[in-house]
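# Structural description and commentary
As a plain string of letters, each chain reads:
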Amino acid sequence: MFRSAFHVSIMIFLSRVFGMVRNIFIASFFGTTGAASALQVAIQIPYMFRRILGESALDAFFVPVYTSYAQEGDKEKTDGFISNVINVIGSLILVIIAIGWLIMPVIIFLQAAGLKSSSPEDFNYAVSLARITLPFMFFISMMALFMGLMNANRNFVIPASNSLVLNILFIGVLLFFGSRVAHVYALGYQVAYAYIYGGFLIFFYQFIYIRKKYDFHYRFRFNPKGEGISRIFKMMLPAIGSMAVVHINIMVDTLLASFISPGTISVIRYAETIIQFPIGVIGVAVFNTALPSLSASVKKKDTVQSASVFRRLVHFILLIGVPVSVGLFAIRHDFVTFLYQYKNFSAADTMAVVHVLQFYIIGIIGFFGVRIVSTLFYASEEIHIPFKVGMAAMGLNIVLNLILMQFMGAAGLALASSIAALANITVLLIIVNRKYFPVEWRKCVETLIKALAAAAVMYFAVIRAGHFFEGNSFIERLFGVLIPVLAGVVVYFIALAILRPPGADNLFAVLKKRFKKDGSDKDSPA
């Protein structure tokens, strides 16, 4: 399982790197202006939909049902089930797109009401961009279904490449049109159209791939009340709701940020994008590879195996989440400068993003850990549990937002989201401990304490290494981030090897296997 997670992580890492490059160009051309906020609000809709459906939820409720059909060995019945899901889900999404296009001004108002009063031109611009990108939702839903099919068959790399293809396309559009348009508004329209081109390209390729690889024969079947689709719909709303909580929190942040200033939305988005980097590389990869393994053990009612896999996941969250949080805090200013401070993005813009980012960092373990912990509930088809807990966390976030923004501005919104995310994962772990099997709190605490100790040593190494690169050229900025990160990784793992917290041996075993050239594609337990 964890070996597959590393393979997927490589692909997702490349996707996130190209995503960062894309954001560098966006920040360079748009800065933190009202137009930047309008673009961020508009593209937030398909991105949120993609993260909720394309990266977790649809995969989560499709895999268990598809697995049960595949285990029966009836190929015609399985193909009929897949075709019916494609037709029913696709039709539903098309209806949502049509309604969304008509009421788009209302949708944008719910996300950025303050923008309408402070900058009506940018508000209308956001509505136009959002209407262009809206059809991308159809392609996202189809890609999510294909991802579930491939993940269930232990093919994780191809679906993980979706973001990479899209980001390469966006970079090409920004480079080509960036110097050819008279105003950033025209450039924003080109970026919006790129979503449609990229979505169709990936959809078409993966549909052909699935037909050939899995001998899938598409059939025109439409039965919303079919056995398989009924099971999916039963899980669908709570699954989407539980995975949407983090992103609804982000929407609330965006809405409240729009009342602070026209550019505050873009500041929040730039900071949130940085946080999504480790979440995407680590959280999504582990989620997609852990779900099939947990589903199989849960279906077999193998509590011992389920508990073993889940506990390793919890230790993984701590052993990786802690150093990522501490390391990112150590290089936060240099990292933001390296990513964004070019052309129209000023030093003042950098400080604004850094100030918000440091409060998002507090919640990294919660942000990416929630989706990993939720794998047990998805595998058990008890989606209502993370949904209810997530809704409570969302309520906490809104209350904290309204309080903290009065004293801290945009930084208060980030801190509220972090506190809510940490509360979310804590409650889920308590439920697992009471309902399924012991989480082994003592070992978790020991792992946390030793991970913090190792990360503290790493922090000073990162700070020290950063002093050698303080120039303003691109190369100096690059090495000012890269060398401290490499030094931090080495120091952290050395400290971890000395302290040996619970779960460390398994992590080292996974790393050792990852670098062996055995060429095996099979998933083996670590």
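First, a word on scope: everything that follows refers to the structure included in this document. Everything numeric here is computed off the predicted structure, so don't read it as measured data.

## Quick word on the side chain of Thr-254
- Looking at where Thr-254 falls in the secondary structure, it is placed in helix α10 (residues 227-257).
- Among the polar contacts listed, one links the side chain of Thr-254 to the side chain of Arg-269, at a separation of 2.5 Å.
- Apart from the residues within four sequence positions on either side, Thr-254 is in contact with Val-41, Gln-44, Gln-111, Ile-265 and Arg-269.

## Considerations on the packing of aromatic side chains
- Taken as a whole and judged by the stated rule, the model has 26 aromatic pairs.
- Where Phe-139 meets Phe-203, the ring centres are 5.9 Å apart and the plane angle is 50°; that geometry is what we call tilted. One end of the pair, Phe-139, is in helix α6 (residues 136-152); the other, Phe-203, is in helix α9 (residues 184-213), and 64 residues separate them in sequence. As far as the burial class goes, Phe-139 and Phe-203 line up, both buried.

## A word on helix α8 (residues 162-178)
- The first and last C-alpha atoms of α8 sit 24 Å apart over 17 residues, in line with the 24 Å expected at 1.5 Å per residue.
- Of the positions making up α8, those classed as buried are Asn-162, Ser-163, Leu-164, Leu-166, Asn-167, Phe-170, Ile-171, Val-173, Leu-174 and Gly-178.

## Brief notes about the environment of Ala-130
- Within the element layout of this structure, Ala-130 appears in helix α5 (residues 120-133).
- Relative accessible area serves as the criterion here: at 1%, Ala-130 is assigned to the buried category.
- Spatially, the C-alpha atoms of Ala-130 and Pro-46 are 8.4 Å apart, while their sequence positions differ by 84 residues.
- The residues touching Ala-130, leaving out its near neighbours within four places in the chain, are Ala-42, Ile-45, Met-104 and Ile-108.

## Digging into the packing of α5 against α9
- Packing of α5 against α9 leaves a shortest axis separation of 8 Å and a crossing angle of 20°. Between α5 and α9, the crossing angle belongs to the class labelled roughly parallel. In this structure, α5 crosses over α9, and the sense of that crossing is right-handed. The residues of α9 that touch α5, namely those facing Glu-121, Asp-122, Tyr-125, Ser-128, Leu-129, Ile-132 and Thr-133, are Val-184, Tyr-185, Gly-188, Tyr-189, Ala-192, Tyr-193, Tyr-195 and Ile-196.
- Of the residues belonging to the contact of α5 with α9, the class tally is ten nonpolar, three polar and two charged.

## Looking at the environment of Val-336
- Its location among the elements puts Val-336 in helix α13 (residues 332-340).
- Given the relative accessible area of 0%, Val-336 is considered buried.
- In sequence terms Val-336 and Tyr-270 are 66 residues apart; their C-alpha atoms lie 8.9 Å from each other.

## Considerations on unusual backbone geometry
- Within the chain, Asp-215 stands out as a residue other than glycine whose phi angle is a positive 50°.
- Examined against the element boundaries, Asp-215 turns out to sit in the loop between α9 and α10.
- Judged by its relative accessible area of 42%, Asp-215 is partly exposed.
- In the Ramachandran plot, Lys-343 falls in the positive-phi region, its phi being about 50° despite a non-glycine side chain.
- Structurally, Lys-343 is set in the loop between α13 and α14 (347-361).

Rules used throughout
Residues numbered from 1 in each chain as written. Predicted model: local features only at pLDDT ≥ 70, side-chain atom pairs only at ≥ 80, totals over all residues. Heavy atoms only, no water. Helix = DSSP H or I, 4+ residues; strand = E, 2+ residues; numbered from the N terminus. Polar contact = N/O pair within 3.5 Å; in protein donor to acceptor, adjacent residues only side chain to side chain. Contact = heavy atoms within 4.5 Å. Phe/Tyr/Trp six-rings, centres within 6.5 Å; stacked < 30°, edge-to-face > 60°. Buried < 20%, exposed > 50% of the residue type's maximum accessible area, 1.4 Å probe, protein only. Expected span 1.5 Å × (residues − 1). Axes fitted to C-alpha atoms, helices over the stretch in contact; angles between N-to-C directions. Parallel < 35°, antiparallel > 145°, perpendicular 65-115°, else oblique. Left-handed = near helix turned anticlockwise from the far one by under 90°. Nonpolar A, V, L, I, M, F, W, Y, C, P; charged D, E, K, R; others polar.

By themselves, these observations are geometric and do not establish any function.
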